[in-house]
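Chain and residue survey
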Amino acid sequence: MAEPIIQIQHLNKTFGEGPTAVHALDDINLEIMAGEIFGIIGLSGAGKSTLVRCMNLLERPTAGTVLFNGQDITKLKTRELREARHAISMIFQSFNLLMQRTALDNICFPLELIGVKRAEAVKKARELLKIVGLEDKEKAYPAQMSGGQKQRVAIARALATDPKVLLCDEATSALDPNTTLSILALLQELNQKLGVTVVVITHQMNVIEEICHRVAILDGGVVAEQGAVADIFADPKTDIGRQLVYPNGVRIDKLPPAHVIRVAFNGGSSYEPLIASLAIDLGIKANILGADTRNIDGKAFGTMLLGLPESQAEAARAIEYIRSQPNVTVEEVPDHG
């Protein structure tokens, strides 16, 4: 069983003092396990970026502890902390590449800072360029590369010191959807092949569902809920959780007068045709009035609003049938007219 690699205990972060102080984080408690891909999500201003910067002490917590491999890094001296940060690399939304350096030299830069000889640094940088699929771009400057290519160089640079943890602060927010998917696939590949722990900070739930194993939802500087991604998608417990999991929602104030039910899919096979089965097995037709569902690893999560026949008896039969299906819950929606 994996051990925690990062443990956040009773962490608080306040900016400023007195009546104008901003309490960015309040009593944060998290455990990130070695080798997992852990997501932290929240709306703008929730405290996500502040939290990730506290993980490597780019921001020093006002109170609380940050343990890395069991060591409280908040108590380290400057030199010790600098050495510890070699094992906790970070990539950013804006890439942060040095514009006057080639891709190869950008990757060499952190190695130069720790005194690695040029020939050894170049060899390492070329290996990393190959890993991120850019071996033909070693002489290209950032201005000559696309956003996705720049982020791949940034990832290669972050890997130069052989980190145990890769912190990704909105690393795909500046990229188009297809490029985002390619970067997420790369992060997943690095996690699997190199064993590096990945912490993903994002405001996009599709990023979480694409690669994360577990997720914490931040709201107003506190952890609203956390758990396995599948569990959160199946049954978000908080308003912010439901808002993030089902951002489009389903309005029910203008539905036609009929029996209306809300069906929640909690991780069953996404290939089971529930509505078709209802029609075939019982001869009952249901109208899909709204839906917000998604497929994660072949499993269905989300909700659907169904309009059932006006006949009370047929509606009751339909509800009983749907309730008998695995990984599905049903609730009636009153006052929908």
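No experiment lies behind these values; they were computed from the predicted model shown. (Residues numbered from 1 in each chain as written. Predicted model: local features only at pLDDT ≥ 70, side-chain atom pairs only at ≥ 80, totals over all residues. Heavy atoms only, no water.)

Quick notes on the nonpolar core
Core analysis: the largest hydrophobic core is formed by 55 residues, its most contacted members being I107, I155, L187 and M205. When near neighbours in sequence (up to four residues on either side) are disregarded, I155 contacts I91, V132, I183, L186, L187 and L190. Of all hydrophobic cores here, the second largest spans 32 residues; its members include A46, M55, I88 and M90. (Core = buried A, V, L, I, M, F, W, Y, C linked by side-chain atoms within 4.5 Å. Buried < 20%, exposed > 50% of the residue type's maximum accessible area, 1.4 Å probe, protein only. Contact = heavy atoms within 4.5 Å.)

A short note on the pattern of salt bridges
For side chains bearing opposite charge, pairing can occur when the charged atoms are close. Summed over the entire model, instances satisfying the criterion amount to 12 salt bridges. E59 is paired through a salt bridge with R53; the nearest N and O atoms lie 4.0 Å apart. Connected through shared salt-bridge partners, R101, D105, E112 and R118 make up one network. (Salt bridge = Lys/Arg side-chain N within 4 Å of Asp/Glu carboxyl O.)

Observations regarding the environment of L111
Among the secondary structure elements, L111 is positioned in helix α3 (residues 103–113). Separated by 13 residues in sequence, L111 and K124 have C-alpha atoms that sit 9.0 Å apart. In contact with L111, not counting residues within four places along its chain, are V116, A121, K124 and A160. (Helix = DSSP H or I, 4+ residues; strand = E, 2+ residues; numbered from the N terminus.)

Structural notes on the sheet that holds strand β5 (residues 71–72)
Here we have 4 strands laid out as an open sheet, ordered β2-β1-β4-β5, and antiparallel in their pairing. Looking at strand neighbours, the two that pair on one side only are β2 (22–33) and β5, the edges of this open sheet. In the sheet, strand β4 (residues 63–68) pairs with β5 via 2 bridges, with the strands oriented antiparallel. Paired with F68 across the two strands is Q71, which belongs to β5. Where helix α1 (residues 48–55) meets the sheet, its contacts fall on β1 (4–15), β2 and β4, and the angle it forms with β2 comes to roughly 60 degrees. (Pairing = 2+ DSSP bridges. Axes fitted to C-alpha atoms, helices over the stretch in contact; angles between N-to-C directions.)

Describing helix α11 (residues 312–323)
Between its first and last C-alpha, α11 extends 16 Å over 12 residues, near the 16 Å set by a 1.5 Å rise per residue. What α11 keeps buried is the set A315, A318, I319, Y321 and I322. Here the buried residues of α11 occupy an arc of 160 degrees about the axis, which is enough to place them on one side. Of the residues in α11, the exposed ones pointing more than 90 degrees away from the buried face are Q312, A313 and E320. (Expected span 1.5 Å × (residues − 1). Arc of directions from axis to C-beta.)

Quick notes on the confidence of the model for the protein chain
Looking at the protein chain, the pLDDT average stands at 87 and 93% of residues meet or exceed 70. Taking the mean pLDDT of every element in the protein chain, the minimum, 72, falls on strand β12 (residues 287–296) and the maximum, 96, on strand β3 (residues 37–41). Contacts of residues 250–255 to residues separated by more than four positions or lying in other chains number 15 contacts, the stretch itself having pLDDT below 50. (pLDDT = per-residue confidence, 0-100.)

Describing the packing of aromatic side chains
One pair of aromatic rings is described through two measures. These are the centre distance and the angle between the planes. Going through the model one piece at a time under the given rule, you end up with 0 aromatic pairs. Cation over ring: K13 sits above F15, and NZ or CZ is 4.9 Å from the ring centre. (Phe/Tyr/Trp six-rings, centres within 6.5 Å; stacked < 30°, edge-to-face > 60°. Lys NZ or Arg CZ within 6 Å of the ring centre and 35° of its normal.)

Digging into the packing of helix α10 (residues 274–282) against α11
Two elements in contact, α10 and α11, have axes whose closest approach is 11 Å; the angle formed by their N-to-C orientations is 125 degrees. The orientation of α10 with respect to α11, classified from their angle, is oblique. Read as a crossing pair, α10 and α11 show a hand that is right-handed. In this structure, α10 contributes L274, S277, L278, D281 and L282 to the contact, and α11 contributes R317, A318, Y321 and I322. Of the residues belonging to the contact of α10 with α11, the class tally is 6 nonpolar, 1 polar and 2 charged. (Parallel < 35°, antiparallel > 145°, perpendicular 65-115°, else oblique. Left-handed = near helix turned anticlockwise from the far one by under 90°. Nonpolar A, V, L, I, M, F, W, Y, C, P; charged D, E, K, R; others polar.)

Considering the sheet that holds strand β10 (residues 222–228)
The 6 strands lie next to each other as β6-β7-β8-β3-β9-β10, forming an open sheet whose pairing is mixed. Only two strands of the sheet have a single partner each, and these edge strands are β6 (88–92) and β10. Sheet twist, expressed as the mean angle between neighbouring strand axes with direction ignored, is 15 degrees. Both strand β7 (residues 165–169) and strand β8 (residues 197–202) contribute to a ladder of 5 bridges, which runs parallel. Note that in β8 the partner of L166 across the bridge is V198. Running over the sheet, helix α5 (residues 147–158) touches β6 and β7 and is turned about 170 degrees from β6.

Some details on the state of the cysteines
Between two cysteines, a covalent bond joining their sulfur atoms is known as a disulfide. Summed over all chains, the structure comprises 0 disulfides. C54 takes part in no disulfide bond, and the closest cysteine sulfur, belonging to C168, lies 17 Å away. A residue is classified by how much of its surface remains accessible, and C54, at 0% relative accessible area, is buried. No disulfide involves C168; its sulfur sits 9.2 Å from that of C212, the nearest cysteine. Since its relative accessible area comes to 1%, C168 is described here as buried. (Disulfide = S-S within 2.5 Å.)

Structural notes on the side chain of E225
When you line up the elements, E225 lands in strand β10. Lacking a salt bridge, the buried E225 has R242 as its closest oppositely charged neighbour, with an N-O distance of 6.5 Å. Among the polar contacts made by the side chain of E225, one reaches the main-chain amide nitrogen of K237 at a distance of 3.1 Å. (Lys, Arg positive; Asp, Glu negative; His and termini not counted. Polar contact = N/O pair within 3.5 Å; in protein donor to acceptor, adjacent residues only side chain to side chain.)

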